[in-house]
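# A look at the structure
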Amino acid sequence: MKYILVTGGVISGVGKGVIASSFGTILKCCGVRVTCIKIDPYINIDAGTFSPYEHGETYVLDDGGEVDLDLGNYERFLDVTLHRDNNITTGKIYQQVISKERKGDYLGKTVQVVPHITDAIQEWVERVAHIPVDDSNEPAQVCIVELGGTIGDIEGMPFVEAFRQFQFRVKRENFCCAHVSLVPQPRSTGEPKTKPTQASVRELRGLGLSADLIVCRSEKPIGQSVRDKVSNFCHVEPEQVICIHDLSSVYRVPILMEGQGLVEFLSERLQLNLTLPQPKSYMMKWRNLAERFDFTQSQVDPEIEPTEIGRWEVVRRKSCCYVGVDLLRKEVNIALVGKYTKLEDSYASVLKALQHAAIEAGYKLNVSLIEAANLEKEMKIEDPVMYHKAWQTLCKSNGVIVPGGFGKRGFEGKLEACQWCREMQKPFLGICLGLQSAVVEFSRNVLKLDKANSAEVDPHTPHPIIIDMPEHNQGQMGGTMRLGKRTTLFTSEKSVMRKLYGNKPSVEERHRHRYEVNPKYVKQLEDGGLKFTGRDTDNKRMEIMELDNHPYYVATQYHPEYLSRPLKPSAPFLGLILASVGKLAPYLEHCNSSKLCNSSNPSDLSEDSGKSMIGLRFSTMFCL
């Protein structure tokens, strides 16, 4: 087993997660099996009880683990399935050590940070590194470990000491340290400053770890002279300095890193014996993805006449030929009505899933975050400017998404958004609390159930449309929700969601919720036109909701965003994007006729077949 430790310096949030994911992407493209571990030095057992404003969203794994959002980056970049133990926290380590001490496993010895805590960290890493995470069901060959926080933080000291020992435990040829540091470029001078990086590397070396690679993060590209300066003062060769500036997308990061000789260095440093040089098809899927994203983000050409829609051209770039590029690029505007809109990372997976779907459909994605509370009627009196601005943004959107959340703040605003989408025939996707909001709104305004509500918002409501689950423990918050991957069975063959999923009889998605639709009201809701087209295996829990006679009004109790991938977008999100641009009907018709819904690209629809175009296409790619 080979190990790559990724540490950070100068500031947190410098991009270690994307850098670590890019290491894995490059190695996986070389045919190497890769796994990832994220270390968070906080004392919390997991990320389940965090406010989204603390560390961003809580990411949920197949086994129900509530973990840091960086594990979402790993899964999306590498297309692997990680486990709860791939996220290590100080709380988990101390809990394990204290539990062993209570059992007497330390034979009466004094339990200390060194060696007991550091040993527990090393044993955890070695154990988890050998757990298979892909379809091969074989242990990985390289384990990438990201140490959260910044070198020098007191919380991270036990982990740094653990890896100081670990490098000798696994031998030098099996251990590599990559240090990610910020190189600031003050506007006053415009000159990149390397002093912070020098100090950070010096502190890392003082703690017993030497950086084999220094990844310099900057706003603008860094010249060779700066790279040479970092090399000279940080005790590494110039080729061991990787420079990553702000790029058009995260999909460009692995490409930029690979272009700086990373494969050659890792092959030699870790004795991976990789084939060099790599074949022409190396990283081709990733390069194509980056090209597609950049093309969708480019501006619409005002010189193109509407009559030219449907005209095709061939674009040659480097050694590849991209066939099927629609000359007219379009945009899609999606409004996200949420509770934690002040921090985009609160909805990181939702935004990524929307992006994946937009790339697949060939549209430039514009997402407007709307604070749900600003849509409520009370806000019209308290702050009319914010109220009208929020409604104006909502009305300008092509589609609306109401994601998950907890608590009653902004709940009425979400109901307003649901009602507006339902009445105005606006494409709508609700997730978790979004489904619950749609059901409550329908109960109030269609079924005329006065004061219908969720028991989470109003425990004394006369019509508890949404109730807490029997297994939910009200006395303890951490890890007590319905978590992880569960099976949903489709109840109708006419379901739009079933068609989007490729006409499968069932689907497996990840859950994270405490409340569910009250079974007592299901028949009344369905008689009114709100259909529950997906249920759990016991036929008790409502998983998918669809509205009759609407272009796209669907909601899921599960979180489909967690399984969305750049090259395989989530079906509900793809449905929202296609419905928002008026292309859902021809896409579903094409799927039914070709029976290739889940594998065919919506771009394959052509004018010749009588179906509308779906925008930008790199549908067929030939390597010359």
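Coordinates for the structure precede this section.
Read on for a plain summary of the structure. Note that the structure is predicted; figures quoted are calculated from it, not measured.

### Quick word on the sheet that holds strand β7 (residues 175-182)
Pairing is parallel in the open sheet, where seven strands are placed in the order β5-β2-β6-β1-β7-β8-β9. The open sheet terminates on both sides in strands that have one partner only, identified here as β5 (87-89) and β9 (241-245). Mean inter-strand twist for the sheet, computed between neighbouring axes without regard to direction, equals 20 degrees. Sheet analysis places strand β2 (residues 34-40) next to β5, joined by three bridges and oriented parallel. When the bridges of β5 are listed, Lys38 appears paired with Asn87. Sitting on the sheet, helix α5 (residues 113-129) is in contact with β1 (2-9), β2, β5 and β6 (142-147), with an inclination near 150 degrees to β2.

### Describing the packing of helix α12 (residues 348-361) against helix α19 (residues 571-580)
The description of two packed helices rests on the angle between their axes and on the distance between the axes. Running from amino to carboxyl end, α12 crosses α19 at an angle of 55 degrees, the nearest separation of the two axes being 8 Å. In terms of orientation, α12 lies oblique with respect to α19. Considering the relative orientation of α12 and α19, their crossing is right-handed. Listed contacts from α19 to Val350, Ala353, Leu354, Ala357, Ala358, Glu360 and Ala361 of α12 are Phe573, Leu574, Leu576, Ile577 and Leu578. Tallied by class, residues from the contact of α12 with α19 come to 11 nonpolar, no polar and one charged.

### Comments concerning the side chain of His513
Topologically, His513 is positioned in strand β19 (residues 506-513). Classification of His513 by relative accessible area gives buried; the value is 1%. Of the polar contacts made by the side chain of His513, one reaches the backbone oxygen of Tyr515; its length is 2.8 Å. In this structure His513 touches Cys432, Met469, Met481, Arg482 and Gln557, once residues within four positions along its chain are discounted.

### A few points about the packing of aromatic side chains
When we look at a pair of aromatic rings, we describe it by the centre distance and by the angle of the planes. Using the criterion set out here, one finds 13 aromatic pairs in the structure. Ring geometry for Phe163 versus Phe166: centroids 5.8 Å apart, planes at 85 degrees, classification edge-to-face. Linking Phe163 with Phe166, this pair stays in helix α6 (residues 157-169), spanning three residues, or about one helical turn. Taking the relative accessible area as the measure of exposure, Phe163 reaches 2% and is therefore buried.

### Notes on the packing of helix α14 (residues 384-396) against helix α15 (residues 411-423)
With their axes 12 Å apart at the nearest point, α14 and α15 run at an angle of 35 degrees to one another. By crossing handedness, the relation of α14 to α15 is classed as right-handed. Contacts between α14 and α15 pair Trp391, Leu394 and Cys395 from the former with Glu416, Ala417 and Trp420 from the latter.

### Here's the deal with the layout of surface pockets
Roughly 1,200 Å³ of volume is contained in the second largest pocket. At the level of elements, α1 (16-29), β2, α2 (52-55), α3 (70-78), α11 (284-297), α12 and β13 (363-371) are the ones that each hand at least two residues to the lining of the second largest pocket. Examining the composition of the lining of the second largest pocket, we find that five residues originate from one element, α12, more than from any other. Across the lining of the second largest pocket, the residue classes break down as 15 nonpolar, 14 polar and 13 charged.

### Some details on the nonpolar core
The biggest cluster of nonpolar side chains holds 52 residues, and the ones touching the most others in it are Phe23, Ile144, Met257 and Leu266. Among the elements that make up this core, the one with the highest residue count is α1 (six residues). In this structure, Leu266 is in contact with Ile4, Phe23, Leu27, Cys176, Leu213, Gln271 and Leu272, ignoring residues within four places of it in sequence. The next biggest cluster of nonpolar side chains, apart from the first, holds 43 residues, and it includes Ala438, Leu447, Ile465 and Met545.

### A word on the sheet that holds strand β16 (residues 452-454)
An order of β16-β17-β20 is seen for the three strands of this open sheet, with the pairing classed as mixed. Both outer strands of the open sheet, β16 and β20 (515-517), are each paired with one neighbouring strand and no more. Averaged over all neighbouring strand pairs, the angle between strand axes comes to 30 degrees, with direction disregarded. Strand direction decides the pairing type here: β16 and strand β17 (residues 463-468), joined by three bridges, are parallel. Bridge pairing in β17 links Ser454 to Ile466. Seen against the sheet, helix α16 (residues 433-445) touches β16, β17 and β20 and runs at an angle of roughly 165 degrees to β16.

### Quick look at the state of the cysteines
One covalent bond between the sulfur atoms of two cysteine residues makes up a disulfide. Counted by the stated rule, this structure contains zero disulfides. We note that Cys177 lacks a disulfide partner, and the nearest cysteine sulfur, in Cys176, lies 7.2 Å from it. With a relative accessible area of 1%, Cys177 lands in the buried category. Summary of cysteine pairing: Cys418 is not part of a disulfide, and the nearest cysteine sulfur, belonging to Cys421, is at 6.9 Å.

### Quick notes on the environment of Lys2
Structurally, Lys2 is set in strand β1. Residue Lys2 is classed as buried on the basis of its relative accessible area of 15%. Here the alpha-carbon distance between Lys2 and Arg172, two residues 170 residues apart in the chain, equals 9.8 Å. At 2.6 Å, the side chain of Lys2 and the side chain of Asn174 are in polar contact.

### What to know about unusual backbone geometry
With an omega dihedral of 15 degrees, the bond running from Val114 to Pro115 counts as a cis peptide bond. Omega for the bond connecting Leu276 with Pro277 falls within 30 degrees of zero, at -5 degrees, which places this linkage in the cis form. Among the secondary structure elements, Pro277 is positioned in the loop between α10 (262-269) and α11. Here the phi dihedral of Asn273 falls at roughly 55 degrees; this positive angle occurs in a residue that is not glycine. Here Asn273 shows up in the loop between α10 and α11. Under the relative-accessibility criterion, Asn273 is labelled exposed at 70%. Positive phi values are uncommon outside glycine, yet Lys448 reaches one of about 60 degrees. Along the chain, Lys448 falls in the loop between α16 and β16.

Reading the values: the criteria
Residues numbered from 1 in each chain as written. Predicted model: local features only at pLDDT ≥ 70, side-chain atom pairs only at ≥ 80, totals over all residues. Heavy atoms only, no water. Pairing = 2+ DSSP bridges. Helix = DSSP H or I, 4+ residues; strand = E, 2+ residues; numbered from the N terminus. Axes fitted to C-alpha atoms, helices over the stretch in contact; angles between N-to-C directions. Contact = heavy atoms within 4.5 Å. Parallel < 35°, antiparallel > 145°, perpendicular 65-115°, else oblique. Left-handed = near helix turned anticlockwise from the far one by under 90°. Nonpolar A, V, L, I, M, F, W, Y, C, P; charged D, E, K, R; others polar. Buried < 20%, exposed > 50% of the residue type's maximum accessible area, 1.4 Å probe, protein only. Polar contact = N/O pair within 3.5 Å; in protein donor to acceptor, adjacent residues only side chain to side chain. Phe/Tyr/Trp six-rings, centres within 6.5 Å; stacked < 30°, edge-to-face > 60°. 1 Å grid on protein atoms, 1.4 Å probe; cavity = no way out; pocket = protein on both sides within 12 Å on 5 of 7 lines; lining within 4 Å. Points joined across faces, edges and corners; volume = space filled by probe spheres on them. Core = buried A, V, L, I, M, F, W, Y, C linked by side-chain atoms within 4.5 Å. Disulfide = S-S within 2.5 Å.

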